[in-house]
Each structure stands twice: as C-alpha cells, then as structure tokens.
Amino acid sequence: MPGVSTSPDPKRRFWIRATLVAGMLLAALGLWAVIQGSPLGRAVGPDDANEPPPLPADTKRHVRVRDPDGQVVAGAAAFVKQDPANPAEVSWHPEPGVLVLPTGGVDYPVRVIAPGFRVQDIPAVRGGQTIRLRPGYVAKVPLRGVPPDGLPGHVRFLLRVVPRTIRAQGIPPQEIVDLMGNLGGPGSGPEHIPRGEFGYPLSREQAEAGIVLPSPGTYHVHWGLIDVKASTWYSLGDRCGRPIEVADTDAPQSLPLGVTLEDLQETLDELARGVEAAKDMKK
C-alpha cells in the first residue's frame, strides 16, 4: 500500500494508549468467542422466576409481539412500564412471543425491544392486541480516504460504536449495544466478538452496508485496526472518530468517517507494537 509501511519505526517513542489495553483484553478473552448475551428486558412474574408461569388460556390478556411479516422475533422482550396492581399476573413468554397482562381489561404502557428493531413504547396497550415491531434505524458509516491498495492481508479495519445520548430512556448502554445489528451479508465481518464495555464491533464492509440501531440519538463511532492472526486491536480513539446524530427517520442515513494517511500509519505502527507486546506477555 503506497505510503503506508507495515512495520514500526524503532526510533519512535514506544507508548501504548488505553485503547490498546482494550485490544489486549479482547485477545485475552479470545476474540472470536461467542458473545454471552445479557437479558434485554425482564418479564415480571412470581418471584422474578426464570421460567414464566403457564400461558393462560384466556387470550383476552395476550399481547402478541411480531415482526412485520407476522413472525415471532428471537430475542424480543416486552414488559409493562409501570407497576401493575397485580404484578404476579404479568409475564413475558418468549417462545410464542406473548406478553400476558393482568385481568381487568385495563390499558398499560408497554415497552418492546428486540435485536435489530426499534425500541417501541406504546402508551396504552390492552389484551388481545398485536404489536408489530419496526426495523431499526439505519446509519451507513463509509470510511473516506482509505488508500486504494488496502491493508496487509492479516490486518483489517474494525469499527467501534458506543451509545451516548439515546432517545429511549431507561435502557443501560450495554443493552443498547446488544440491540444493535448490521446489514452486512454473511461473511462480511466478525460476528462473534465479545462486546461488554467495548461497544458494538463491526467491519468496514458492515459499517458501509449499514448499522442497525434501536433508537435515535447520539452514538460515537471510531475506527481501528485488528490483526486477525494475533487477535489484537488498536485504535487512536477519538482522534479517529466522531459523534453521529441518528435522526428519527425511516430513510438510511449516511454519516461518513474520514481516514488520514497519518492516522492510518500511526495505527499500523502501534498495532505492530501491541502484537509484539502480546507475544512478550505469553513468554
């Protein structure tokens, strides 16, 4: 790649930013480990039991949660946003995609969440309804200024998306991250990287295809580089990123992110140092 070397300059001062620590942590955890999912919503039931009570035969208390095609959504959750008079009568049943409301025919405010879909707050829900989930907001983040010859075969771009100020209040940032997705096709990038405090990771191709977000608001995105052979990631952090403002619109939003040759070279240099440091730690 013209103008970009793949080995560090030994005369440059050696330093490791805090983001490299995150890269080391990814390596220690095993970069390609399967994400350990956390619950995205909590069904209210007797003693907060892990298993909901039997689904009542009275369908007048049922609220069905479906995708636009009428199918049950894996990973969805629905819950009442206020404390009902009889909380033991409220339960979420994920397999049939049914929220059970208390007896009495009273309207309740309900929140529905699911990976790849928008957070939906419905102010008044009554049994017998069907809630149709809406696809998430799409933000396309193409990288501008990348040299055309690309990177070494074992080094790839890896972007990190972190929620900042999100319109859907009351959802912890980690659960917002768990609700994110992307429109990249099979094999377009890493799909099983531990998220945790890292945020939502995705490849350059996935970012260009579109990041699927659960809520409008402010997110921060920055790019880094990953050595897939060493399972180590490095980024210059905010210097290589920007906040993106995701609007409440159905149209995909293009929010490009610039890459300078200077930043790319420095990131390559520090990534190489990080790989060597990781090797030394294993000795």
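Our subject is the structure that appears above.
Caption draft 1: Highlighting the sheet that holds strand 2 (residues 77-80). Pairing within the open sheet is antiparallel, and its three strands lie in the order 2-5-6. A strand with exactly one partner marks an edge of an open sheet, and here the two such strands are strand 2 and strand 6 (120-125). Taking the axes of each pair of neighbouring strands and ignoring which way they run, one obtains an average angle of 25° across the sheet. Of the strand pairs in this sheet, strand 5 (residues 108-113) and strand 6 are connected by four bridges, and their pairing is antiparallel. In the sheet register, Arg111 faces strand 6, and the bridge partner there is Asp121.

Caption draft 2: Up close: the sheet that holds strand 17 (residues 253-254). Strand order in the open sheet made by the four strands is 11-13-8-17, with mixed pairing throughout. The open sheet is flanked by strand 11 (181-182) and strand 17, the only strands paired with a single partner. Examined bridge by bridge, strand 8 (residues 137-140) and strand 13 (residues 211-213) share three bridges and lie antiparallel to one another. Within strand 13, the position partnered with Ala139 by the bridge is Ile211.

Caption draft 3: Summary view of the nonpolar core. With 58 residues, the main nonpolar core has Leu159, Tyr219 and Trp223 as its most contacted residues. Of all the elements, strand 10 (residues 155-166) adds the most residues to this core, at five residues. Among residues more than four places away in sequence, those in contact with Trp223 are Leu143, Phe157, Leu158, Leu159, Ser235, Cys240, Leu257, Gly258, Val259, Asp263, Leu264 and Thr267.

Caption draft 4: Geometry of the pattern of salt bridges. Tallying each qualifying case throughout the model produces 10 salt bridges. For Lys81, the salt bridge identified is with Asp121, shortest N-O distance 3.5 Å. Here Asp121 lies in strand 6 and Lys81 lies in the loop between strand 2 and strand 3 (91-93), a separation of 40 residues in the sequence. Taking relative accessible area as the criterion, Lys81 reaches 45% and is therefore assigned partly exposed.

Caption draft 5: View of the environment of Leu225. Locating Leu225 in the fold gives a position in strand 14 (residues 217-227). When near neighbours in sequence (up to four residues on either side) are disregarded, Leu225 contacts Leu151, Val155, Arg156, Phe157, Thr232, Trp233, Tyr234, Leu264, Thr267, Leu268 and Leu271.

Caption draft 6: Inspection of the packing of aromatic side chains at higher detail. One pass over the full model with this rule turns up two aromatic pairs. Note on Phe157 and Trp223: the rings are 5.5 Å apart at their centroids and 70° apart in plane angle, and the pair reads as edge-to-face. One end of the pair, Phe157, is in strand 10; the other, Trp223, is in strand 14, with 66 residues separating them in the sequence. Each of the two residues, Phe157 as well as Trp223, counts as buried. Measuring from ring centre to ring centre gives 4.9 Å for Phe198 and Trp233, while their planes differ by 80°; the resulting arrangement is edge-to-face. Residue Phe198 is found in the loop between strand 11 and strand 12 (200-203), and its partner Trp233 is found in strand 15 (residues 232-234); the two are separated by 35 residues along the sequence. For Phe198, a relative accessible area of 7% gives the class buried. On the accessibility criterion, Trp233 (0% relative accessible area) is buried. Of note, Arg118 hangs over the ring of Tyr137, and the distance from its end group to the ring centre comes to 4.1 Å. Lying across the ring of Phe198, Arg160 places its NZ or CZ 5.3 Å from the centre.

Caption draft 7: Region of interest: the side chain of Arg66. When you line up the elements, Arg66 lands in strand 1 (residues 62-66). Here Arg66 sits buried without a salt bridge, and the closest side chain of opposite charge, Asp67, lies 7.4 Å off (N-O distance). From its side chain, Arg66 meets the backbone oxygen of Gly97 in a polar contact 3.1 Å long. In contact with Arg66, not counting residues within four places along its chain, are Gln71, Val72, Val73, Pro96, Gly97, Thr130, Ile131, Arg132 and Leu133.

Caption draft 8: The arrangement of the pairing of strand 14 in detail. Where burial is concerned, most of strand 14 is hidden: 11 out of the 11 residues are buried. When strand 10 meets strand 14, the two strands line up antiparallel, connected through 11 bridges. The partner of Arg160 across the bridge, within strand 14, is His222. Note that strand 14 and strand 16 (residues 241-246) share six bridges and pair antiparallel. In the sheet register, Tyr219 faces strand 16, and the bridge partner there is Ile244.

Scoring rules and cut-offs
- Residues numbered from 1 in each chain as written.
- Predicted model: local features only at pLDDT ≥ 70, side-chain atom pairs only at ≥ 80, totals over all residues.
- Heavy atoms only, no water.
- Pairing = 2+ DSSP bridges.
- Helix = DSSP H or I, 4+ residues; strand = E, 2+ residues; numbered from the N terminus.
- Axes fitted to C-alpha atoms, helices over the stretch in contact; angles between N-to-C directions.
- Core = buried A, V, L, I, M, F, W, Y, C linked by side-chain atoms within 4.5 Å.
- Buried < 20%, exposed > 50% of the residue type's maximum accessible area, 1.4 Å probe, protein only.
- Contact = heavy atoms within 4.5 Å.
- Salt bridge = Lys/Arg side-chain N within 4 Å of Asp/Glu carboxyl O.
- Phe/Tyr/Trp six-rings, centres within 6.5 Å; stacked < 30°, edge-to-face > 60°.
- Lys NZ or Arg CZ within 6 Å of the ring centre and 35° of its normal.
- Lys, Arg positive; Asp, Glu negative; His and termini not counted.
- Polar contact = N/O pair within 3.5 Å; in protein donor to acceptor, adjacent residues only side chain to side chain.

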